[in-house]
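This is what each chain is made of:
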Amino acid sequence: MNQIFIANPKGGCGKTTISTQIAGYYANLGYRVLLVDHDAQKSSSDWLASRPARCSSIQLRATTVETPVSDGEAEVVVHDMPAAWSLDHVADIIHAGDKVLVPVLSSPTDIKACLRFLMELYRSGIFEAGIRMGMVANRSREHTRYYKILIEFLERLESPLVANLRDTQNYVRAMDRGLTIFDLPESRVAADLAQWQPIFDWLDVAPPANPVHTAEALAV
Ligand SMILES: Nc1ncnc2c1ncn2[C@@H]1O[C@H](COP(=O)(O)OP(=O)(O)OP(=O)(O)O)[C@@H](O)[C@H]1O
Ligand SMILES: [Mg+2]
């Protein structure tokens, strides 16, 4: 079982967007996917409730961080973590081999909040326990000053800068309909698909044992 945590206590940095994209990507490839919505706002749950029946299926567990997740038969478990993250609470559900992706926006407050979060994680010793962490620059607008500051900040960290996702309405429009960019015709989202490839390379999930479903791009 592959457990992937999308975490950053800073609100609005893209946790739900990235969690749902990852869940949709692996579901389209035929993995049994469980999306765990830890957030009281239930944005991932709302997204899944609006997912068209003809799309690849994703199981949902809506929970609080205090409740350990029983994974059932899931091959990929994606955790959409809440802004109110507490290491004490995740200690029971995070294990060696699990991966944490941290989305960060390019603003001074987001960078400062991220640094505080990372210091808490480094001090906790979870990396000595075999948990890997990667950073994702999200909503990137490459020609802005704070984008450059963010990239300089991320490149100095011990954890790799795994991907750089541009600011695009493709995510907003897809999410509004219970979709991901991986459900859309390739020609419309080619630039975004290319930006995601390093994330899937880094996650390095083994092929599904018995693929359950292969979705075709929706004609939209
Ligand atoms: N790469 C992107 N391009 C454009 N819009 C984006 C991108 N990533 C996220 N968004 C938008 O930014 C907003 C916040 O994203 P999201 O809800 O994923 O963040 P979050 O970290 O889950 O927030 P919260 O802390 O409230 O749970 C949403 O409206 C989402 O559609
Ligand atoms: Mg969210």
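Residues numbered from 1 in each chain as written. Chains lettered and ligands numbered in written order. Predicted model: local features only at pLDDT ≥ 70, side-chain atom pairs only at ≥ 80, totals over all residues. Heavy atoms only, no water.

Here we look at the packing of helix α4 (residues 108–124) against helix α5 (residues 145–155)
The description of two helices packed together rests on the angle between their axes and the distance between the axes.
So, point 1. Packing of α4 against α5 brings their axes to within 10 Å, and their N-to-C directions diverge by 15°. Between α4 and α5, the interaxial angle falls into the category roughly parallel. The crossing of α4 and α5 is right-handed. Contact with α4, carried on its side by Pro108, Ile111, Cys114, Leu115 and Leu118, involves Tyr146, Ile149, Leu150 and Phe153 of α5 and no other residues of that element. (Axes fitted to C-alpha atoms, helices over the stretch in contact; angles between N-to-C directions. Helix = DSSP H or I, 4+ residues; strand = E, 2+ residues; numbered from the N terminus. Parallel < 35°, antiparallel > 145°, perpendicular 65-115°, else oblique. Left-handed = near helix turned anticlockwise from the far one by under 90°. Contact = heavy atoms within 4.5 Å.)

Examining the pairing of strand β2 (residues 33–37)
So, point 1. Counting buried positions along β2 yields five of five residues, so the element is predominantly enclosed.
So, point 2. Burial along β2 is two-sided: Val33, Leu35 and Asp37 and Leu34 and Val36, pointing in opposite directions, are all buried.
So, point 3. Across five bridges, β2 lies against strand β4 (residues 76–80) in parallel orientation. Following the sheet pairing, Leu35 is matched in β4 by Val78.
So, point 4. Across four bridges, β2 lies against strand β3 (residues 59–62) in parallel orientation. Pairing of Leu34 across the sheet is with Gln59, part of β3.
So, point 5. For the segment spanning β2, helix α2 (residues 43–49) and β3, crossover handedness is right-handed. (Buried < 20%, exposed > 50% of the residue type's maximum accessible area, 1.4 Å probe, protein only. Pairing = 2+ DSSP bridges. Right-handed = clockwise from strand over helix to strand, strands pointing away.)

A look at α4
So, point 1. Compared with an ideal rise of 1.5 Å per residue, which puts 17 residues at 24 Å, α4 spans 25 Å between its outermost C-alpha atoms and is within 8% of the ideal.
So, point 2. Every buried residue of α4 is accounted for by Asp110, Ile111, Ala113, Cys114, Phe117, Leu118 and Leu121. Buried residues of α4, seen end-on, are gathered within an arc of 165° and therefore sit on one face of the element. Facing away from the buried side of α4 by over 90 degrees, the exposed positions are Thr109, Lys112, Arg116 and Arg123.
So, point 3. Each element contacted by the buried residues of α4 is listed here: α3 (87–90), β5 (99–104), β6 (132–140) and α5. (Expected span 1.5 Å × (residues − 1). Arc of directions from axis to C-beta.)

A few points about the site of ligand 1
So, point 1. Of all residues adjacent to ligand 1, which total 16 residues, the nearest are Lys15, Thr16, Thr17, Asn138 and Arg166.
So, point 2. One of the side-chain N or O atoms of Lys15 is found 2.9 Å from an oxygen atom in ligand 1.
So, point 3. Gln41 is positioned such that a nitrogen or oxygen atom in its side chain is 3.0 Å from an oxygen atom of ligand 1.
So, point 4. Taking 640 Å² as the accessible area of ligand 1 by itself, protein coverage stands at 81%.
So, point 5. Looking at the shell around ligand 1, the elements that each hand over two or more residues are α1 (15–28), β6 and α6 (169–176).
So, point 6. Of the residues forming the shell around ligand 1, the biggest block, three residues, is contributed by α1.
So, point 7. A class-by-class count of the residues in the shell around ligand 1 yields three nonpolar, eight polar and five charged. (Near = heavy atom within 4 Å. Polar contact = N/O pair within 3.5 Å; in protein donor to acceptor, adjacent residues only side chain to side chain. Areas by Shrake-Rupley, 256 points an atom, 1.4 Å probe, with all protein chains shown as cover. Nonpolar A, V, L, I, M, F, W, Y, C, P; charged D, E, K, R; others polar.)

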